[in-house]
Amino acid sequence: MVSNTPIDMLKAISLIQKTITNPYIGVFVSLLLIIPSLYIILEDISVIRKEYIFLAIGIPIYIKSLNKIFDNILNLDKDLFK
């Protein structure tokens, strides 16, 4: 049961925001867009399909998420050696 108190709403919004900004979720979602789209596109590449749009959306999300993950790894190593 979901309560409508302001504190519960703030907790829910905070959880949703953390989930959306998590780069690992971004990688997972982008792969869910990329892999099925490639499978369908490779059947017949001469036909324009909606999967091209999914591919065009998924690849930038994938690159941005991986970039964020690697930046976090590199920044973590800098903090360890200070």
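Attention here is on the structure that accompanies the text. (Residues numbered from 1 in each chain as written. Predicted model: local features only at pLDDT ≥ 70, side-chain atom pairs only at ≥ 80, totals over all residues. Heavy atoms only, no water.)

**Observations regarding the overall build of the protein**
Logical step 1: Of regular secondary structure, the protein possesses three helices and zero strands.
Logical step 2: The N-to-C order of helical and strand elements in the protein reads α-α-α.
Logical step 3: Buried residues in the protein amount to 15% of all 82 residues.
Logical step 4: Taking the intrachain contacts of the protein between residues at least 6 apart in sequence as the baseline, contacts between residues at least 24 apart amount to 62%.
Logical step 5: Accessible surface computed for the protein: about 6,900 Å², of which carbon and sulfur atoms make up 72%. (Helix = DSSP H or I, 4+ residues; strand = E, 2+ residues; numbered from the N terminus. Buried < 20%, exposed > 50% of the residue type's maximum accessible area, 1.4 Å probe, protein only. Contact = heavy atoms within 4.5 Å. Areas by Shrake-Rupley, 256 points an atom, 1.4 Å probe, with all protein chains shown as cover.)

**With respect to the pattern of salt bridges**
Logical step 1: Evaluation of the coordinates by the stated rule reveals one salt bridge.
Logical step 2: When the shortest N-O distance is used, the salt bridge between Lys50 and Glu51 registers 3.9 Å.
Logical step 3: The class for Lys50 is exposed, based on a relative accessible area of 54%.
Logical step 4: Judged by relative accessible area, which is 9%, Glu51 ranks as buried. (Salt bridge = Lys/Arg side-chain N within 4 Å of Asp/Glu carboxyl O.)

**A closer look at a nonpolar patch on the surface**
Logical step 1: The grouping of Ile25, Phe28, Val29 and Leu32 at the surface amounts to a nonpolar patch, some 360 Å² of accessible area in total.
Logical step 2: Along the chain, Leu32 falls in helix α2 (residues 23-41).
Logical step 3: For Leu32, a relative accessible area of 52% puts it in the exposed group. (Patch = residues over 30% accessible without salt bridge, like charges linked within 9 Å, V, L, I, M, F, W, Y side chains within 5 Å.)

**Examining the side chain of Ser30**
Logical step 1: Relative to the helices and strands, Ser30 resides in helix α2.
Logical step 2: Apart from residues lying up to four places away in sequence, Ser30 is in contact with Gly58, Ile61 and Tyr62.

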